[in-house]
Amino acid sequence: MRPKPWLALVAAILAGCGMARSAEMRVTLLGTGTPTPRLSSFSASTLVEAGPEKLIFDLGRGSTIRLFQKKIPIGAITAHFITHLHSDHVVGLPDMWLTGWIGTPFGSRKTPMVIFGPKGTVAMTENLTKAFSEDIRIRIDDENYPPSGVAFAAKDIEPGPVYENNGVKVTAIEVNHGEKIKPSFGYVVEYDGKKVVLSGDTKPDERVAKAAEGADLLIHEVAVIDPDLFKAYPNYRAIENHHTSPEEAGRIFAEAKPKLAVYSHIVFASQPPTQDVPEEALLKRTRTTYQGPLVIGHDLMSFVITDKVEGFAPDGTAIR
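Residues numbered from 1 in each chain as written. Predicted model: local features only at pLDDT ≥ 70, side-chain atom pairs only at ≥ 80, totals over all residues. Heavy atoms only, no water.

The name an unreviewed UniProt entry assigns to the protein is Ribonuclease Z, from the organism Bradyrhizobium macuxiense.

Here it is, written out as structure tokens:
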């Protein structure tokens, strides 16, 4: 049967105009863990790729290693965003900054490192520059690296739009990580009609639910702590009080109705200690308040957003 000429004409028109398939966003979980030094889950970091933009949200332990595993040059990151200044969210900053400057295929940054974060971010970058001044001096003198590549373009931000480039818009939303941890931010990333929301570290917060209404992807933190630990380690009570339980996260998901909800920055502690997140218990507790699409995040898991959201395991296989 011969193809109808008009079908070929329509296909050609669609391929050459705005009705063609829209540009994709890709989100990769570089670190889904906490300060606990687990091999399987590095501390908080998320990569968002949209058009030519490569954006990193939080710079936890091992974020440079995860980028290397993904074959993404550290020096190619367009902009960096910090949710708050707890150590597990910024401990990877010196590595990202300095290793991204080194003249190698995985580094070679030649322009200032663009970084946005809460009050204290600029001071942190100034003090890091002082702390590593000798390394900087040696590498400029000995290896002729450009001074511009080790400079910071840092900004202390307030809630609202903080970055817009190449059609990508990033908005900071203030969240509730506790009375003494202010400001603390989540972020909304928008591109080509698509929306990704990252909760940051937070107690259950209506501002996250509102920002994530109809989002393609909502990445939210969660905490599961064994009550038996509170007697021996009272600090766990304070930790629990700064985060969101599975039941509370489920209510946020149910209200926002994202196409896909994902857990990352999974705070868990058990007695006796275990290496792996208790996924069945986490899922069971969440399902008491939310029945929609949900993925428990792992390092190097990725999500591709087109007209739908597809998830991929660290080995590249599709998540069903």
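Draft legend 1. Representation of the side chain of Arg 109. As for its placement among the helices and strands, Arg 109 is situated in the loop between helix 4 (93–99) and strand 5 (113–117). This buried residue, Arg 109, is left without a salt bridge; Asp 95 holds the nearest opposite charge, at 9.1 Å. Within the local environment of Arg 109, its side chain forms a polar contact with the backbone oxygen of Trp 97, the two atoms lying 2.9 Å apart. At 3.0 Å, the side chain of Arg 109 and the backbone oxygen of Gly 149 are in polar contact. Setting aside residues no more than four positions away along its own chain, Arg 109 makes contact with Gly 75, Met 96, Trp 97, Gly 100, Trp 101, Pro 146 and Gly 149. (Helix = DSSP H or I, 4+ residues; strand = E, 2+ residues; numbered from the N terminus. Buried < 20%, exposed > 50% of the residue type's maximum accessible area, 1.4 Å probe, protein only. Lys, Arg positive; Asp, Glu negative; His and termini not counted. Salt bridge = Lys/Arg side-chain N within 4 Å of Asp/Glu carboxyl O. Polar contact = N/O pair within 3.5 Å; in protein donor to acceptor, adjacent residues only side chain to side chain. Contact = heavy atoms within 4.5 Å.)

Draft legend 2. Expanded view of the layout of surface pockets. Looking at the largest pocket, its volume works out to about 470 Å³. Surrounding the largest pocket, 27 residues form its lining, Pro 35, Thr 36, Tyr 236, Ile 239 and Val 267 being those nearest its centre. Elements represented by at least two residues in the lining of the largest pocket include exactly helix 3 (87–90), helix 9 (235–241) and strand 12 (260–269). Residues that form the lining of the largest pocket fall into these classes: 11 nonpolar, 13 polar and 3 charged. Roughly 200 Å³ of internal volume is contained in the second largest pocket. What lines the second largest pocket is a set of 16 residues, and nearest its centre among them are Thr 32, Ser 40, Ser 41, Val 277 and His 298. Of the residues belonging to the lining of the second largest pocket, the class tally is 4 nonpolar, 8 polar and 4 charged. (1 Å grid on protein atoms, 1.4 Å probe; cavity = no way out; pocket = protein on both sides within 12 Å on 5 of 7 lines; lining within 4 Å. Points joined across faces, edges and corners; volume = space filled by probe spheres on them. Nonpolar A, V, L, I, M, F, W, Y, C, P; charged D, E, K, R; others polar.)

Draft legend 3. Region of interest: the sheet that holds strand 13 (residues 294–296). Ordered in space as 7-8-9-10-11-12-13, the 7 strands form an open sheet in which the pairing is mixed. At either margin of the open sheet sits one strand with a lone partner, and together these are strand 7 (160–165) and strand 13. Geometrically, the sheet is characterised by an average inter-axis angle of 20° between neighbouring strands, direction not taken into account. With 5 bridges connecting them, strand 9 (residues 185–191) and strand 10 (residues 194–198) associate as antiparallel partners. Note that in strand 10 the partner of Glu 190 across the bridge is Lys 195. Here helix 11 (residues 279–286) sits on the sheet in contact with strand 11 (217–225), strand 12 and strand 13, set at roughly 155° to strand 13. (Pairing = 2+ DSSP bridges. Axes fitted to C-alpha atoms, helices over the stretch in contact; angles between N-to-C directions.)

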